[in-house]
Amino acid sequence: MRKMTGEGNQHDMEAILADIALALDQTVIVAMTDRTGKITYVNELFTKISKYETEELIGATHSIINSGYHSKEFFKNMWATIGRGMIWQGEIRNRAKDGSFYWVDTKIVPFLNEKGIPNKYISIRYDITQRKLMEEKIRRDAQTYRRIAEENRDLSYNDQLTSLLNRNAFSKELSSYLERIRKDGARLGLVYVNIDRLRNVNDSFGQETGDYVLSVVANRLKSVLSMEDIIGRISGDEFAFTLTQAANEEEAERLTETIKSSLENSISIHGDLFSISTSCGIALFPKHAKKASELMMKAEKALHYVKEHGGGNYKMYEPGMATKTLERILLENELRKSVQMGHFTLEYQPKMNLSRGDLSGVEALVRWNHPDLGRIPPDKFIPLAEETKIILSLGEWVLREACKQAAQWKRQGYCPFRIAVNMSAVQLEDPEIVGTIKRILLEEDVAPELIEIELTETSFADRDEMRETIERIRELGMHVAIDDFGTGYSTFSYIKELPADTVKIDMSFVKDIDVNENSRTIVKAIVTLADTAGLNVIAEGIETEEQAKILRGLGCREGQGYFFSKPLPPADCEFLFSKPTKNE
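Just so it is clear, the model here is predicted, and its values are computed rather than measured. (Residues numbered from 1 in each chain as written. Predicted model: local features only at pLDDT ≥ 70, side-chain atom pairs only at ≥ 80, totals over all residues. Heavy atoms only, no water.)

Caption draft 1: Region of interest: the pattern of salt bridges. A full pass over the atoms with the stated rule returns 31 salt bridges. In this structure, Lys-287 engages Glu-249 in a salt bridge whose closest nitrogen and oxygen atoms are separated by 2.5 Å. Within this pair, whereas Lys-287 is found in the loop between β11 (278-285) and α11 (292-308), its partner Glu-249 is found in helix α10 (residues 249-263), the two being separated by 38 residues in sequence. Residue classification places Lys-287 among the exposed positions, given a relative accessible area of 57%. Ionic pairing is found between Glu-452 and Lys-351, a salt bridge with its closest N-O pair at 3.2 Å. Taken together, the positions of Glu-452 in strand β17 (residues 451-456) and Lys-351 in strand β13 (residues 344-353) put the pair 101 residues apart, joining distant regions of the chain. Accessibility classification places Glu-452 together with Lys-351 in one group, the buried group. In the salt-bridge network here, residues are joined through shared partners; they are Lys-351, Glu-363, Glu-452, Glu-454, Lys-504 and Glu-540. (Salt bridge = Lys/Arg side-chain N within 4 Å of Asp/Glu carboxyl O. Helix = DSSP H or I, 4+ residues; strand = E, 2+ residues; numbered from the N terminus. Buried < 20%, exposed > 50% of the residue type's maximum accessible area, 1.4 Å probe, protein only.)

Written out as structure tokens, the structure reads:
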């Protein structure tokens, strides 16, 4: 104050203090209590919001405005905090004299005597009633929406027109069926069928006639398919069904052609015979997909490929035939916006040293938490990001975020360990990728040896083209790991030629390693060859203590999986970290 007003200028100093007091009275609720909690001072705003007169408040305690909303434990913790001379902050619901409730964001500051014991407290409060009312309204609306949605889902398990399964029910039934046949190594075909130009029927003869055509098609599907097959009406003019008898592409195509012909038999409408046309898309389990959602998506892509090429035909799914359905367009747009608006987060899955049982590193895994669509799984948005090249900006964000986290953990004093970041083959093809990595490391002040780049085996399919880029990344001082090793393009014969530091054994060899001798043999071969080449080996997907024990016995140095930990937010990971001792 003296710096502002000058030495000895008491009048100006008092004027400034008066202005400050006036500003506080206009915006902040202020109260002072003695060490026992009795109120000794309140400002005008306190009396205004509480509707008590100053005389009624002075000498009372804050129990006079207690609403009964908070527990005794709540206030016990508050008093314990300020009793230790520490500042307490929180949100409190109070009750005014007229019985109305109001919320305040409260900070209580203790003042200590010469012995360090609090002798009075000043509370500073802000009225947040409107914000809390809005939060409550949003919460109620969300609960109502969820309840209505649940009720609707229960009521609409079956399609009302055809009595077939609807899309959600079909997906659940298909998923359950795939789980049952997966262990037996069985195969399955899935067909999406669309009635071409059904809208013309609706426009010419009315909605009732269009519904009649749909019911005829549904009945024909029931009659030509076996009892084991699952049938559903996926949307207005689209159906889906399984081919449990299809063991390969030829059988699936032959059966689809037969069923397609049956569906296209003439239909009698108002005494006249009309022919219909259908389009079909086919996908095979497990060749094209191992999950119900992926299998349905790929059959749908094959169908849209047929529609885009004139319709009236059938097509087996082929990689790369993705078309821009409305859902895909919307998801792509949301993906682009989410990258710009920061709707992504990183979780970290620990990697453990199998011999010592301590942390050897973590793998950064990107998560998409859309504000409206909720949490979207990586297997749904990563392929789309790669196909649309959004993976370039998303991948750069992931790398930068991982580097920021590495720098923060270093500042916190944790022992240094490596963070693994997944990189797509699409990113490797970017001519600027090495420069981008170098720039991020420099800007975030992170040592290259703290970051490991994980590449899938498909990145090594064209070894000559990728080798130079990967080697340049390693020359920066970063480690390179081959993810999902043993399932893709790599073969044991050239493991020594790979420009990498680590191979990650795919979880398909780990999940049955305690019962399958072949899996143990393959893992042992990978470990032996990796040792010869001077490569580290880490096993993915460890879920039991027995699996970890067998892998350790086979010479595998590191492992990760739910047995050790699921992917965690950064703060939760820190419980696994250690800090150097003073002697270190």
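Caption draft 2: Representation of the sheet that holds strand β8 (residues 238-243) within the structure. On the basis of which strands lie adjacent, the open sheet formed by 5 strands has the order β7-β8-β6-β11-β12 and mixed pairing. Every interior strand has two partners, whereas the edge strands, β7 (231-235) and β12 (314-316), have only one. When the angles between neighbouring strand axes are averaged without regard to direction, this sheet yields 20°. Bridging between β11 and β12 involves 3 bridges; their strand directions are parallel. The partner of Cys-280 across the bridge, within β12, is Tyr-314. (Pairing = 2+ DSSP bridges. Axes fitted to C-alpha atoms, helices over the stretch in contact; angles between N-to-C directions.)

Caption draft 3: The arrangement of the packing of aromatic side chains in detail. What the rule picks out here adds up to 14 aromatic pairs. Here Trp-79 and Tyr-121 contribute two aromatic rings whose centre-to-centre distance is 5.6 Å and whose plane-to-plane angle is 90°, an arrangement assigned as edge-to-face. In this pair, Trp-79 sits in helix α5 (residues 72-83) while Tyr-121 sits in strand β5 (residues 118-127), placing the two residues 42 residues apart along the sequence. The exposure class of Trp-79 is partly exposed, given its relative accessible area of 37%. Relative accessible area serves as the criterion here: at 7%, Tyr-121 is assigned to the buried category. Look at Trp-409 and Phe-577: their rings are 4.8 Å apart centre to centre, the planes differ by 85°, and that puts the pair in the edge-to-face class. Here Trp-409, found in helix α14 (residues 391-411), pairs with Phe-577, found in the segment after α21 (570-573); they are 168 residues apart in sequence, far enough to count as distant. The two residues Trp-409 and Phe-577 agree in class, both being buried. Put simply, the rings of Tyr-348, Trp-409, Tyr-414, Phe-417 and Phe-577 touch in pairs and so form one group of aromatic residues. Against the face of Phe-101 rests Arg-93, its NZ or CZ located 4.0 Å from the ring centre. Above the plane of the ring of Trp-103 lies Lys-132, whose end atom (NZ or CZ) is 4.5 Å from the centre. (Phe/Tyr/Trp six-rings, centres within 6.5 Å; stacked < 30°, edge-to-face > 60°. Lys NZ or Arg CZ within 6 Å of the ring centre and 35° of its normal.)

Caption draft 4: The pairing of strand β16 (residues 418-423), seen in detail. Inspection of the sheet shows strand β14 (residues 359-370) paired to β16 by 4 bridges, in the parallel sense. Along β16, the bridge assignment pairs Gly-361 with Arg-418. Bridging between β16 and β17 involves 5 bridges; their strand directions are parallel. Paired with Asn-422 across the two strands is Glu-454, which belongs to β17.

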